[in-house]
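Close look at the chain arrangement
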Amino acid sequence: MSIANAFDRFNATQGPFKRMTALTAKANEKYDKYQIACDRQNLGFLPFICGSLGFFNEPAEQLIKDLGTAWSSAADVSRDWAICEIRRRISFSVQKDQASAWLRRGRDGGVLL
């Protein structure tokens, strides 16, 4: 899983903010980095990208829906609840990782805003 900074490629002079721009760019970077190696080993590859504002790229969304469907069947919970719970857990984990990274940068001499 990779986290895409939602504002990384945003330039207000080029038009309104589009939430998928950074996610698509990060997914393309991952394809460029891993696709050939996966092809050589006959492995499939779909990047799981989470935006810093909580959005997911399409392969990630589909995986979350598939996992939620499987969980709802196995645990007798609603599919919608399972999907929301998976998104919540991923988002919480991402927030923890981002906070840790910000604290490390501050401790290591970076600037905290």
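Read on for an overview of the structure. Please read these numbers as outputs of a predicted model, since none were measured by experiment.

Focus on the packing of aromatic side chains
All chains considered together, the criterion is met by 4 aromatic pairs. A ring pair is formed by Tyr34 and Phe45, whose centres lie 5.7 Å apart and whose planes are at 45 degrees; its orientation type is tilted. With Tyr34 in helix α1 (residues 20-40) and Phe45 in the loop between α1 and β2 (49-51), this residue pair connects regions lying 11 residues apart in the sequence. Accessibility expressed as a relative area gives 32% for Tyr34, which makes it partly exposed. Judged by centre distance (6.1 Å) and plane angle (70 degrees), the ring pair of Phe48 and Phe56 falls under edge-to-face. Its relative accessible area of 6% is what places Phe56 among the buried residues.

Observations concerning unusual backbone geometry
The phi dihedral of Asn42 is positive, around 55 degrees, even though this residue is not glycine. Structurally, Asn42 can be placed in the loop between α1 and β2. Classification of Asn42 as exposed rests on a relative accessible area of 72%. Residue Asp76 is not a glycine yet carries a positive backbone phi of 55 degrees. Here Asp76 is to be found in the loop between α2 (58-75) and α3 (79-107).

Here we look at the environment of Phe48
With respect to the helices, strands and loops of the structure, Phe48 is situated in the loop between α1 and β2. The buried category is assigned to Phe48, whose relative accessible area is 18%. Each C-alpha atom, one on Phe48 and one on Glu61, is 8.6 Å from the other, the two residues being 13 residues apart in sequence.

What to know about the side chain of Asn57
Looking at where Asn57 falls in the secondary structure, it is placed in the loop between β2 and α2. Separated by 3.0 Å, the side chain of Asn57 and the backbone oxygen of Pro47 make a polar contact. Setting aside anything within four residues of it in sequence, one finds Asn57 in contact with Met20, Leu23, Ala27, Pro47, Phe48 and Ile49.

Rules used in this analysis
- Residues numbered from 1 in each chain as written.
- Predicted model: local features only at pLDDT ≥ 70, side-chain atom pairs only at ≥ 80, totals over all residues.
- Heavy atoms only, no water.
- Phe/Tyr/Trp six-rings, centres within 6.5 Å; stacked < 30°, edge-to-face > 60°.
- Helix = DSSP H or I, 4+ residues; strand = E, 2+ residues; numbered from the N terminus.
- Buried < 20%, exposed > 50% of the residue type's maximum accessible area, 1.4 Å probe, protein only.
- Polar contact = N/O pair within 3.5 Å; in protein donor to acceptor, adjacent residues only side chain to side chain.
- Contact = heavy atoms within 4.5 Å.

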